[in-house]
Amino acid sequence: PYDYSERIGRVEPSATLAISNLAAERKAAGADVIDLSVGEPDFDTPETVVEAGKAALDAGHTGYTSSNGIPELREAIAEKLRGNGIDATADEVIVTPGGKQALYEIFGTLIDDGDEVVLLDPAWVSYEAMAKLAGGTLSRVDLAPHGFQLEPALDELAEVVSDDTELLVVNSPSNPTGAVFSEAALEGVRDLAVEHDFAVISDEIYERITYGVEPTSLASLDGMADRTITINGFSKAFSMTGWRLGYLHATEEFVGQAGKLHSHSVSCATNFVQHAGVEALENTDDEVEEMRAAFEERRDLLVDLFDEHGVDVDVGDGAFYMMLPVDDDDQAWCTAAIEEAAVACVPGSAFNAPGYARISYAASEKRLREAVDRLVSNDLL
Ligand code: PLP
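First, a word on scope: everything that follows refers to the structure included in this document. Keep in mind the model is a prediction, meaning the values are calculated, not measured. (Residues numbered from 1 in each chain as written. Predicted model: local features only at pLDDT ≥ 70, side-chain atom pairs only at ≥ 80, totals over all residues.)

Here we look at the packing of helix α1 (residues 16-28) against helix α11 (residues 330-341)
Part 1 of the reasoning: Direction vectors running N to C along α1 and α11 enclose 15 degrees, while the axes themselves pass 10 Å from each other. Judged by the inter-axis angle, α1 sits roughly parallel to α11. Handedness of the α1/α11 crossing: right-handed. Contacts between α1 and α11 involve Ile19, Leu22, Ala23 and Arg26 on the former and, on the latter, Cys334, Thr335 and Ile338.
Part 2 of the reasoning: Residue composition of the contact of α1 with α11, by class: 5 nonpolar, 1 polar and 1 charged. (Axes fitted to C-alpha atoms, helices over the stretch in contact; angles between N-to-C directions. Helix = DSSP H or I, 4+ residues; strand = E, 2+ residues; numbered from the N terminus. Parallel < 35°, antiparallel > 145°, perpendicular 65-115°, else oblique. Left-handed = near helix turned anticlockwise from the far one by under 90°. Contact = placed C-beta atoms within 7 Å. Nonpolar A, V, L, I, M, F, W, Y, C, P; charged D, E, K, R; others polar.)

Right under this line is the structure:
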């Protein structure tokens, strides 16, 4: 009875699904699977945030909110963005159920059939799907030969973009590489965006998880305020994946357009969750620092362990991922890793980076050591 849309046929189910299905099968069969495939912190949401959510429920904050979000949260977000050097106001913010929804709204607001969207590979899986759903045509620049950094790839980016480019997606710190792009790299992006008059999404969702570097917010650079859409969210920084809370920031004019998509789809983000979001932004610096420091120790541990086994990893200064170089057939490697070693990782191909496996180090040091031991004893390293 279903005559599926041409649009839905353009996208595949998430490539990470195959691995999580295999992992689930193995777990059900009694295997002790070490899951390094997950994109979520392994910490509890900070207690005061949970309390704020409960208090909001008790106070009856259970109805719809204004579509773009409660004023207190939009103001707290604007304040936070001003700390990033972005001249933000509350009216330039849409609060969304997760950063993903913010991205979806941006693609839907900007992309017509045939519009060119430029991605920097390896790129997070959903950018491609969202661009295709909106009708966009993809162009790509591969950062893998450059140690996953953008600065040495600026010449290649300059060759790819043109006056026909509609949108470039920048994600720093990056999922899946952990790379944090230098200010010079982002200035290079700015120069190209201004020259060719295109818009840029700056996905800064891993911004609070960095190691010894200060990430630059693209919209803070001269010339970028009115062509950057910044997205961010609460999932990673505050370990709030299941709460579903994120936001976009852009010009008020853009927010007016995207707000139509927002109000006609989700109406608003969950009311009491928005109240908890204010607490997360304002009162969790210590908890965020604890999680950040734990990730840094785990990253350093993994790099040492891989190094002991002669594997050199282009490790980034942010997020909680690294790309492990594996066989050319990374799908087969990841299947073997789960079937033989009971270690789950995501094939690099999912991010348009064949020859790598993405390791998430949102796991305890004990489990990380055990994972490396298992890979070694099964000749996978
Ligand atoms: N952007 C990147 C790069 C991500 O890795 C994720 C989550 O995995 C998101 C955005 C969306 O996160 P959420 O919708 O949970 O805010």
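Regarding the sheet that holds strand β9 (residues 321-325)
Part 1 of the reasoning: Read from one edge of the open sheet, 3 strands run β9-β12-β11, paired in antiparallel fashion. Edge positions in the open sheet fall to β9 and β11 (346-347), since each of these has one partner strand only.
Part 2 of the reasoning: Where β11 meets strand β12 (residues 356-360), 2 bridges bridge the pair, whose relative direction is antiparallel. Paired with Pro347 across the two strands is Ala357, which belongs to β12. (Pairing = 2+ DSSP bridges.)

Focus on the environment of Lys80
Part 1 of the reasoning: Note that Lys80 resides in helix α3 (residues 71-83).
Part 2 of the reasoning: Between the C-alpha atoms of Lys80 and Leu281, which are 201 residues apart in sequence, the distance is 7.5 Å.

Topic: helix α2 (residues 47-58)
Residues lying three or four places apart along an α-helix face the same way, a consequence of the helix completing one turn every 3.6 residues.
Part 1 of the reasoning: Here α2 is 12 residues long and its end C-alpha atoms lie 16 Å apart, about the 16 Å a rise of 1.5 Å per residue gives.
Part 2 of the reasoning: All of the buried residues in α2 are Val49, Ala52, Gly53 and Ala56. Relative to the axis of α2, the buried residues are bounded by an arc of 100 degrees and lie together on one face. Away from its buried face by more than 90 degrees, α2 exposes Glu47, Glu51 and Asp58.
Part 3 of the reasoning: Where α2 is buried, its residues contact α9 (271-283).
Part 4 of the reasoning: Among the residues trailing α2, Gly60 stands out with phi positive, at a value near 85 degrees. (Expected span 1.5 Å × (residues − 1). Buried ≥ 20, exposed ≤ 12 C-beta atoms within 10 Å, placed from the backbone. Arc of directions from axis to C-beta.)

Everything listed here is a matter of geometry and, on its own, says nothing about what the molecule does.
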